[in-house]
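# Structural characterization, general
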Amino acid sequence: MIPPSEAGKGEKMEIKNNLFPGGVRRALTMSYDDGAEFDYRLAEIFRQNGIRGTFHLNSGKLVEKGYVRREDIAKLYQDQEVSLHTLTHPYLTQIPDSQALEEILEDRRALEELCGYPVRGMSWPFGAYTEHVIGIAKACGMEYSRTVEATGGFDLPQDFLKWHPTAHHDGDLEGLWKQFLERGFEQMLLFYVWGHSHEFDRNHNWEKIESFCRMAGGRDDVWYATNVEIMDYVQASRSLRFSADRKMVYNPSAQDVWLSVDKEPVCVAAGEFKRF
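Residues numbered from 1 in each chain as written. Predicted model: local features only at pLDDT ≥ 70, side-chain atom pairs only at ≥ 80, totals over all residues. Heavy atoms only, no water.

Along the protein, the regular secondary structure elements total eight helices and 14 strands. Relative to the 2.2 N^0.38 estimate, which gives 19 Å for 276 residues, the radius of gyration of the protein is 21 Å and therefore close to what a compact globule would have. Considered along the principal axes of its C-alpha atoms, the protein spans approximately 75 × 45 × 30 Å. Within the span of the protein, comprising 276 residues, buried residues form 49% of the whole. A sequence separation of at least 24 residues applies to 66% of the contacts in the protein between residues at least 6 apart. Surface accessibility of the protein: about 13,100 Å² in total, with carbon and sulfur atoms responsible for 49%. In the protein, which carries 32 positive and 43 negative side-chain charges, the distance between the mean positions of the two groups comes to 5 Å. (Helix = DSSP H or I, 4+ residues; strand = E, 2+ residues; numbered from the N terminus. Rg over C-alpha atoms; globule rule 2.2 N^0.38 Å. Buried < 20%, exposed > 50% of the residue type's maximum accessible area, 1.4 Å probe, protein only. Contact = heavy atoms within 4.5 Å. Areas by Shrake-Rupley, 256 points an atom, 1.4 Å probe, with all protein chains shown as cover. Lys, Arg positive; Asp, Glu negative; His and termini not counted. Charge placed at Lys NZ, Arg CZ, Asp CG, Glu CD.)

Moving on, we get to the nonpolar core. Residues Leu 28, Phe 191, Ile 209 and Phe 212 are the most contacted members of the largest nonpolar core, which totals 51 residues. Counting residues in each nonpolar core, the second largest holds 26 residues, with Met 231, Val 257, Leu 259 and Val 268 among its members. (Core = buried A, V, L, I, M, F, W, Y, C linked by side-chain atoms within 4.5 Å.)

Now for the pattern of salt bridges. Enumeration according to the criterion identifies 16 salt bridges in this entry. With a shortest N-O distance of 2.8 Å, Asp 33 and Arg 146 are connected by a salt bridge. Pair noted here: Asp 33 is in strand S2 (residues 26-34) and Arg 146 is in strand S6 (residues 144-146), with a separation of 113 residues, a long-range link. For the pair shown, Asp 33 and Arg 146 are each scored as buried. Between Asp 72 and Arg 69 there is a salt bridge, with the nearest N and O atoms lying 2.8 Å from each other. A relative accessible area of 45% means that Arg 69 is categorised as partly exposed. When salt bridges with common partners are traced through the structure, they connect Glu 14, Lys 16, Glu 186 and Lys 263 into a single cluster. (Salt bridge = Lys/Arg side-chain N within 4 Å of Asp/Glu carboxyl O.)

On to the environment of Asn 227. Following the sequence through the fold, Asn 227 ends up in helix H8 (residues 227-238). With a relative accessible area of 0%, Asn 227 lands in the buried category. Discounting chain neighbours no more than four positions away, the residues touching Asn 227 are Thr 29, Met 30, Ser 31, Thr 54, His 56, Glu 81, Tyr 144, Trp 163 and Tyr 192. A polar atom in the side chain of Asn 227 sits 3.2 Å from the backbone oxygen of Met 30. (Polar contact = N/O pair within 3.5 Å; in protein donor to acceptor, adjacent residues only side chain to side chain.)

Now for unusual backbone geometry. Where the residue is not glycine, phi is negative for most of them; where a peptide bond is considered, it is trans in most cases. Phi at Thr 86 is positive, roughly 80 degrees, even though this residue is not glycine. Relative to the helices and strands, Thr 86 is located in the loop between strand S4 (81-84) and helix H3 (97-115). Given the relative accessible area of 0%, Thr 86 is considered buried. Residue Arg 246 is not a glycine yet carries a positive backbone phi of 60 degrees. Along the polypeptide, Arg 246 turns up in the loop between strand S10 (241-242) and strand S11 (248-250).

Glancing now at the environment of Leu 156. Positionally, Leu 156 belongs in the loop between S6 and strand S7 (167-168). In sequence terms Leu 156 and Met 188 are 32 residues apart; their C-alpha atoms lie 7.5 Å from each other. Excluding its chain neighbours within four sequence positions, the residues that come into contact with Leu 156 are Phe 20, Met 188, Leu 190, Val 234 and Arg 238.

Applying the stated criterion across every chain, the model contains 21 aromatic pairs. An angle of 35 degrees between the planes, with centres 6.2 Å apart, marks the rings of Tyr 32 and Phe 200 as tilted. Of this pair, Tyr 32 sits in strand S2 while Phe 200 is found in helix H6 (residues 197-203), placing the two residues 168 residues apart along the sequence. In this structure, Tyr 32 and Phe 200 share a single accessibility class: buried. Centre to centre, the rings of Trp 177 and Phe 180 are 4.9 Å apart; their planes meet at 40 degrees, and the pair counts as tilted. You can see Trp 177 and its partner Phe 180 sitting in helix H5 (residues 173-182), three residues apart, about one turn around the helix. One aromatic cluster is present, formed by Tyr 32, Phe 46, Phe 55, Tyr 77, Phe 200 and Trp 206 through successive ring pairs. (Phe/Tyr/Trp six-rings, centres within 6.5 Å; stacked < 30°, edge-to-face > 60°.)

In structure tokens form, the structure reads like this:
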């Protein structure tokens, strides 16, 4: 046994759980709803600027005029994430539980068939949710859901099923981006933009998102990721297990996690036990 007088002695390191993949502190993700035909143009803008994000689709509307074609989904969103927005976009808070289950599960089944991978998240139609509806979504396999409650901030969510974005794209993106880059706190910072692609056509302001993507894209100090990638990484980061003296760490997750050790980036590989 180590005598109490000896406990805690020795060189101490500053260890912070504050880095995204590659050892960067900042991440950007986008989130767009409904699957309107204007997603074709928006996805191309993202591709040209290295921007990544998530498109939340109503599969029951994809057969209607004005929406993306079902046969195009896999290719159109190949560098993005396909996520659900319910089958027909009802207020989930105003329908019977059985219908809410159907809206989520049937949308999930249809989208998984079209995109070829498990769909694990969603955005709330009309931004409407309750604790009860959250329980239904979880029962359907949903792990995250975006709200429409813009915070103007860059904090990571504590509850991914109440994931509040930084801003709608009609907000002051340029001003917020400047704050985002200048924020000096040594923590992971997330810039999260949401909206609908049809709004750019309706408001005749495509230049707003084009300008933002040119400004924000192509940086080495920003991780560009989809919604589910952000969630998976944050959860892996939070799952790290440290020894009492913080000189040992175990990463039980299936993905690499980055730490700041005495202000230097250190990667703890998936499944790795590391001594400092």
